[in-house]
Amino acid sequence: MTDAVVSQPVTRDPSRPLDPPAEFTQLREDQPVLRVRFPNGTTGWLVTRFDEGSQVFNDPRLSARRDRHDTPEGEEPEDHENAPFDVGFVFMDEPEHGTYRRLLTARFTPKAVQNKLQPYLDKIVDEHLDAIAAGPETFDFVEAMSLPIPCLMICELLGVPYEDRDGFHHATVDMMDMAKSKEERDKGAHWLVDYITHLVADKRRTGDTTGILAELINKADGEDSILTERQLIGLGVLLLFAGHDTTAAMMGLSTLTLLTHPEERQKLLDQPAKVGPAIEELMRYLTIVQFGLGRTALEDLEIGGARIKKGDLVVVAMNAANRDPRVFENPDALDIDRKMVRHMGFGYGVHACLGQNVARAELRTVLPRLFARFPNLRLATPLEEVPMDFTGTNYGVRKLMVTR
Ligand code: HEM
């Protein structure tokens, strides 16, 4: 059988920057579980429907330990043992995955976020809105808000100095840009590893007890420790990049979306109680994980009529699944009144995003306050000229010039 080749980076239609690649619409109808060859040479399956996708994430016969499918053309799939850092429980299955994830869950419950982070979040959001009001009328929203807020929050949560933000943000961008060579991406990853290694050493030396990093150091250094030094550093790196780059991308893209959907924006302003459902709808509509997530079959199995063999890689295109008309009525419309019980914007199943309550809090706090404070906020460039990030593992805006 000839394998279809899925273009990577996925080609979106630049005139419809808020929609997933157009080719997914047809695939979802005709070949929802399709045998493909990714440009890096890895073969596998691409799933574009919601029910089949959720089956992939819920089936314990599909392991989270997988080869990368999203690296550039001709590149060898990554060998995890020799990767710059250990991605920890992201690539583990149960019960091991749960054991490591539970080291962190108490910090990420809705209650913990509300009690420990919301007061700080309220303060920094208001300060940044004040700075916008005092600054030039036309400004870059990424620089003014959607990058600093997630950076400040992850620094507060982890116990990382905010003055180091330029370094860790640029290293993250390099590491996650699939248009860059492996050398350049690894350079970003090594920067983050060195950074966390030094920070851990500093915290051990000074006995600093603030933030999750200090808690993890305690856990690693304790007598019944289950964390090796490589795992400790890997977890620090994971939280640092996953905790800011994703939310920054989502905040910029959500703002662009609300700027171009005045009716939905108005509903949000008129009925503040809608903010929760509005954020879920934005998560569904935008699904920023750009190239999907993979799992590996541990045995032969069937998904949507396709016969998957033991060892096969199965990639779920969550942006396509989240627009599946079988599950979402009128899926290509942004509708904050949508009655929705589930989406895949934060992943699905046991690996669903650990930090989702932090991300939700940030989006819920920033978006309504931004539009209430600046009711005339508008794009300063035509939509087609907003520079989009087509090659990062998270989709977003690189810059968003707006006028208040
Ligand atoms: C809008 C913002 C965010 C989006 C779209 C997002 C998306 C995701 C997705 C799709 C996964 C599933 C990965 C998989 O199945 O392999 C995930 C997992 C994860 N996310 Fe997020 N994330 C966001 C914010 C955050 C934040 C703020 C943090 C930390 C503070 C975070 C930390 C993590 C961690 C540690 C995992 C691994 C969970 C596991 O494997 O059990 N994320 N995220």
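*Asks:* Before we move on, could you go through unusual backbone geometry and cite the residues and values that matter?
*Replies:* The linkage connecting Glu-94 with the following residue, Pro-95, adopts the cis geometry, with an omega of 0 degrees. Look at Thr-287: it is not a glycine, yet its phi comes out positive at around 30 degrees. The phi angle at Asn-330 is positive, at roughly 45 degrees, despite the residue not being glycine. Along the chain, the position of Asn-330 falls in the loop between helix 13 (318-321) and helix 14 (356-373).

*Asks:* Give a detailed account of the environment of Glu-127, specifying residues and quantitative values.
*Replies:* Along the chain, Glu-127 turns up in helix 4 (residues 110-134). Judged by the 12 C-beta atoms lying within 10 Å of it, Glu-127 falls in the exposed class. Sequence spacing of Glu-127 and Arg-404 is 277 residues, and the spatial spacing of their C-alpha atoms is 16 Å.

*Asks:* Please provide a residue-by-residue account of the environment of Lys-111, values included.
*Replies:* Looking at where Lys-111 falls in the secondary structure, it is placed in helix 4. You can call Lys-111 exposed: it has 9 C-beta atoms within 10 Å. Along the primary structure Lys-111 and Leu-268 are separated by 157 residues, whereas in three dimensions their C-alpha atoms are 24 Å apart.

*Asks:* How would you summarise the site of the ligand if you had to cite specific residues and measurements?
*Replies:* Every one of the 24 residues lining the ligand counts as a neighbour, but Gly-243, Thr-246, Gly-347, Cys-353 and Gly-355 are closest to it. Those elements that provide at least two residues to the shell around the ligand are helix 10 (229-259) and helix 14. Take the shell around the ligand: its biggest share by element is 7 residues, from helix 10. Considering only residue class, the shell around the ligand consists of 16 nonpolar, 7 polar and 1 charged.

*Asks:* Please provide a residue-by-residue account of the pairing of strand 6 (residues 293-297), values included.
*Replies:* The buried fraction of strand 6 amounts to 5 of the 5 residues, a majority that puts the element mostly inside the structure. Across the two faces of strand 6 the burial is the same, with Leu-293, Arg-295 and Ala-297 and Gly-294 and Thr-296 all buried. Both strand 4 (residues 62-63) and strand 6 contribute to a ladder of 2 bridges, which runs antiparallel. Within strand 6, the residue paired with Leu-62 across the bridge is Ala-297. As paired strands, strand 6 and strand 9 (residues 313-316) are joined by 4 bridges and run antiparallel to one another. For Thr-296, the partnering residue across the bridge sits in strand 9 and is Leu-313.

*Asks:* Break down the packing of helix 6 (residues 148-158) against helix 10 for me, citing the residues and quoting the values.
*Replies:* Contact pair helix 6 / helix 10: the axes reach a minimum separation of 8 Å and the direction vectors enclose 155 degrees. With respect to their mutual orientation, helix 6 and helix 10 come out roughly antiparallel. Crossing of helix 6 over helix 10 shows right-handed handedness. Residues Ile-149, Pro-150, Cys-151, Ile-154, Leu-157 and Leu-158 of helix 6 pack against Leu-239, Leu-240, Gly-243, His-244, Thr-247, Ala-248 and Met-251 of helix 10.

*Asks:* Can you tell me about the sheet that holds strand 11 (residues 401-403), naming the residues and giving the values?
*Replies:* Within the open sheet, the 3 strands sit side by side as 5-11-10. Their pairing is antiparallel. Each having just a single partner strand, strand 5 (138-140) and strand 10 (378-379) make up the two edges of the open sheet. Pairing between strand 5 and strand 11: 3 bridges, direction antiparallel. Across the sheet, residue Asp-140 finds its bridge partner in strand 11, namely Met-401.

*Asks:* With reference to specific residues and values, describe the nonpolar core.
*Replies:* By size, the foremost hydrophobic cluster in this structure holds 96 residues, and its most contacted members are Val-47, Leu-240 and Val-314. A per-element tally of this core places helix 10 first, with 14 residues. Not counting residues within four places of it along the chain, the set of residues in contact with Val-314 comprises Gly-44, Trp-45, Val-47, Val-56, Leu-62, Gly-294, Arg-295, Ala-297, Ile-303 and Ile-308.

*Asks:* Hey, could you go over the pairing of strand 3 (residues 43-47) for me, with residue numbers and the actual values?
*Replies:* A regular strand carries its side chains on alternate faces of the sheet. With 4 of its 5 residues buried, strand 3 lies for the most part within the structure. Two elements, strand 2 (residues 33-37) and strand 3, share 5 bridges in a ladder whose sense is antiparallel. Looking at strand 3, one finds that Leu-34 is bridged to Leu-46. Between the end of strand 2 and the start of strand 3, which pair antiparallel, lie 5 residues, with Gly-41 showing a positive phi angle near 100 degrees. Relative to strand 9, strand 3 runs parallel, the two being bridged by 3 bridges. Across the sheet, residue Trp-45 finds its bridge partner in strand 9, namely Val-314.

What counts and what doesn't
Residues numbered from 1 in each chain as written. Predicted model: local features only at pLDDT ≥ 70, side-chain atom pairs only at ≥ 80, totals over all residues. Helix = DSSP H or I, 4+ residues; strand = E, 2+ residues; numbered from the N terminus. Buried ≥ 20, exposed ≤ 12 C-beta atoms within 10 Å, placed from the backbone. Near = placed C-beta within 6 Å. Nonpolar A, V, L, I, M, F, W, Y, C, P; charged D, E, K, R; others polar. Pairing = 2+ DSSP bridges. Axes fitted to C-alpha atoms, helices over the stretch in contact; angles between N-to-C directions. Parallel < 35°, antiparallel > 145°, perpendicular 65-115°, else oblique. Left-handed = near helix turned anticlockwise from the far one by under 90°. Contact = placed C-beta atoms within 7 Å. Core = buried A, V, L, I, M, F, W, Y, C linked by C-beta atoms within 7 Å.

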